[in-house]
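# Overview (structure and organization)
The primary structure of each chain is shown beneath.
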Amino acid sequence: MMILMLLLFWACQDPPPNNEPPLTDSAQPDDPHQDTANTDEEPPRAPIPLPPLTDAPDLDPDEDVVQVELTAAPKTHRFVDVDGTEHVVEGYAYNGLTPGPTIRAKVGDQVIIDVDNNLDQPTTIHWHGVGVPFEMDGVAWMGAPIAAGASFQYAFTVQRPGTFWYHPHFNTNRQVSGGLYGVLIVTDPEEPAPDLDQILVFDDWHFEGLDDHDHLAAEGTWTVNGQIQPFWDLDGGQIVRARVLNASNLGYLDLRLPEIRLLGGDQGLNARLTAPDNVLMAPGDRIELEVRPAQTDFEWINAPYVHQGGAAWGPEASLMRVHVDAPDDAAPGLSWPFSGLRSTEDPGRTDITYVFSGSNESGVWMLNGEVFPDVTIEELSLGDEAILEIRNLSPTEHPFHMHGTRIEILSVNGIAETHQRWEDTINVPTYGTVRVRMIADNPGDWMTHCHILPHADGGMMTVLRVHESPEGE
Ligand code: C2O
Ligand code: CU
């Protein structure tokens, strides 16, 4: 009911009719052009522009070394809803920011992050999607977390370009949903430069309090870069590379945009350009889009979707409105260096099987019938190629995430990929099967889990051990 009311409420927030002057970033709180539909209510909120994210300053002058400081601390988050209501959430942030500061590096750089833990509890930072050495992976398995009041230095070299992110891996659901996360971008100097390289971080918040994040059926209120339904000013003819992250602990996005030009996924550029009608983003997923505004404004629509079974009934909701400041013809797309490579053919064998099971009713979430940390460790030798089959035996979707390496998607529910698709997080549909391939190129004990964080914290996590040496050595 709550969901429906929220969605209906959004749906009632009519955009200004076309003959009204457009929203601009000079809009003031008393802007006369804002929505005046709710005349008997308190005045609706003034339009809020899409907040830019802050880059973490690079403290090392060496151009091949990026050194940044992150402090995790409590933070009171404030959100102003479209009806003007202020919501307050007691949570956390890195350097006082949610999303945290963006870490930018280029392929081959050394990245050093000095972390201070000013929380009242231990924490860690996991570098989601980046192939880091095991000691730097930010998990509390085989090592201690960073105690309250303590510091730790993470250091690793970034090898693959892409849009990655960072977040704690201790008391994970609570800390991430409280606002501890940020984006790590690894650029490749070979890729063309758009007019604008824009990060869009989506999160959904539950204003009844953080603990309400555990109520799996409840959809929250989505924010973009920390704002509810901002507007994004672009110029016609501009070319934007949008790097999109779903940082929610459990909410899915089913994005519908006028023309989707999908450039990449979790692990950088895809093998080719595609133009799907919609893109599903499970928690933890990233996509990259080429946005080419032209003559008219448009909305970023989220179609109703719940992880208990997928597409749902209900009105569509606008997450953000793109306002075209200077209408013009769309620019031609850039020539992105797509590899064009075809998918690896599925050899048919299965080396490791992972089975998701559990239910909200039982409150137990399992991987291969086990609850972390009481798990059977699967093992591979360095250099092994492994085919993994992930089966979902539950009425709830689960995004499968593997640490330490990337995975090539072979098929989803028996439908083979045509072109190479590398991810680190892949949604496994309700009662569905996903087959993936990986090369065991990074020794360590890698967490493998569902990225719906209450599920992971509830035990839906296991360990894949990659040995230090090839088989027989
Ligand atoms: Cu983004 Cu183990 O998680
Ligand atoms: Cu799950």
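Quick look at the structure, then. (Residues numbered from 1 in each chain as written. Chains lettered and ligands numbered in written order. Predicted model: local features only at pLDDT ≥ 70, side-chain atom pairs only at ≥ 80, totals over all residues. Heavy atoms only, no water.)

Here we come to the sheet that holds strand β7 (residues 162-167). With mixed pairing, the four strands of this open sheet are ordered in space as β3-β8-β7-β5. Here the strands that pair on one side only, and so sit at the sheet edges, are β3 (103-106) and β5 (126-128). Recorded for the sheet is a direction-independent mean angle of 25° between the axes of neighbouring strands. The pairing of β5 with β7 spans three bridges and is antiparallel. The residue of β7 that forms the bridge with His128 is Trp165. (Pairing = 2+ DSSP bridges. Helix = DSSP H or I, 4+ residues; strand = E, 2+ residues; numbered from the N terminus. Axes fitted to C-alpha atoms, helices over the stretch in contact; angles between N-to-C directions.)

Here two bridges tie strand β14 (residues 262-265) to strand β17 (residues 286-291), and the two strands are oriented antiparallel to one another. Directly across from Leu262, in β17, lies its bridge partner Leu289. Two strands pair when backbone bridges link them, and β14 and strand β15 (residues 268-274) are joined in this way by three bridges, in the antiparallel orientation. Across the sheet, the residue bridging to Gly265 is Gly268, located in β15.

This paragraph deals with the packing of aromatic side chains. On inspection of all chains with the given rule, the structure shows 15 aromatic pairs. With 4.7 Å between their ring centres and 45° between their planes, Phe79 and Trp205 make a pair best called tilted. With Phe79 in strand β1 (residues 65-80) and Trp205 in strand β9 (residues 196-205), the pair connects residues that are 126 residues apart, well separated along the chain. By the burial criterion, Phe79 is buried, and Trp205 matches it. Seen from their ring centres, Tyr252 and Tyr305 are 5.4 Å apart, and the 25° between their planes marks the pair as stacked. Taken as a pair, Tyr252 in the loop between β12 (240-246) and β13 (253-256) and Tyr305 in strand β19 (residues 305-306) lie far apart in primary sequence, 53 residues in all. Owing to a relative accessible area of 1%, Tyr252 belongs among the buried residues under this scheme. For Tyr305, a relative accessible area of 12% corresponds to the buried category. Linked through ring pairs, Tyr94, Trp127, Phe152, Tyr154, Phe156 and Tyr166 together constitute an aromatic cluster. A cation over a ring is seen here: Arg406 above Trp422, with NZ or CZ 3.9 Å from the ring centre. (Phe/Tyr/Trp six-rings, centres within 6.5 Å; stacked < 30°, edge-to-face > 60°. Buried < 20%, exposed > 50% of the residue type's maximum accessible area, 1.4 Å probe, protein only. Lys NZ or Arg CZ within 6 Å of the ring centre and 35° of its normal.)

What follows concerns the sheet that holds strand β11 (residues 231-234). Read across the open sheet, the five strands follow the order β11-β21-β18-β13-β16; overall the sheet is mixed. Unpaired on one side and paired on the other, β11 and β16 (279-281) mark the two borders of the sheet. Each neighbouring strand pair of the sheet contributes to a mean axis angle of 25°, computed without reference to strand direction. As paired elements, β11 and strand β21 (residues 317-324) share four bridges and run parallel to each other. Bridge pairing in β21 links Trp232 to Val322.

Turning our eyes to something else, we now look at a negative patch on the surface. A cluster of like negative charges, contributed by Asp195, Asp235, Asp325, Asp328 and Asp329, occupies part of the molecular surface. Here Asp195 shows up in the loop between β8 (182-187) and β9. Judged by its relative accessible area of 55%, Asp195 is exposed. (Patch = residues over 30% accessible without salt bridge, like charges linked within 9 Å, V, L, I, M, F, W, Y side chains within 5 Å. Areas by Shrake-Rupley, 256 points an atom, 1.4 Å probe, with all protein chains shown as cover. Salt bridge = Lys/Arg side-chain N within 4 Å of Asp/Glu carboxyl O. Lys, Arg positive; Asp, Glu negative; His and termini not counted. Charge placed at Lys NZ, Arg CZ, Asp CG, Glu CD.)

Considering all chains together, one arrives at 25 salt bridges under this definition. In this structure, Arg241 engages Glu288 in a salt bridge whose closest nitrogen and oxygen atoms are separated by 2.6 Å. Of this pair, Arg241 sits in strand β12 while Glu288 is found in strand β17, placing the two residues 47 residues apart along the sequence. Across this residue pair, the class does not change: Arg241 and Glu288 are buried. Through salt bridges with shared partners, one network takes in Glu191, Asp197, Arg241, Arg243 and Glu288.

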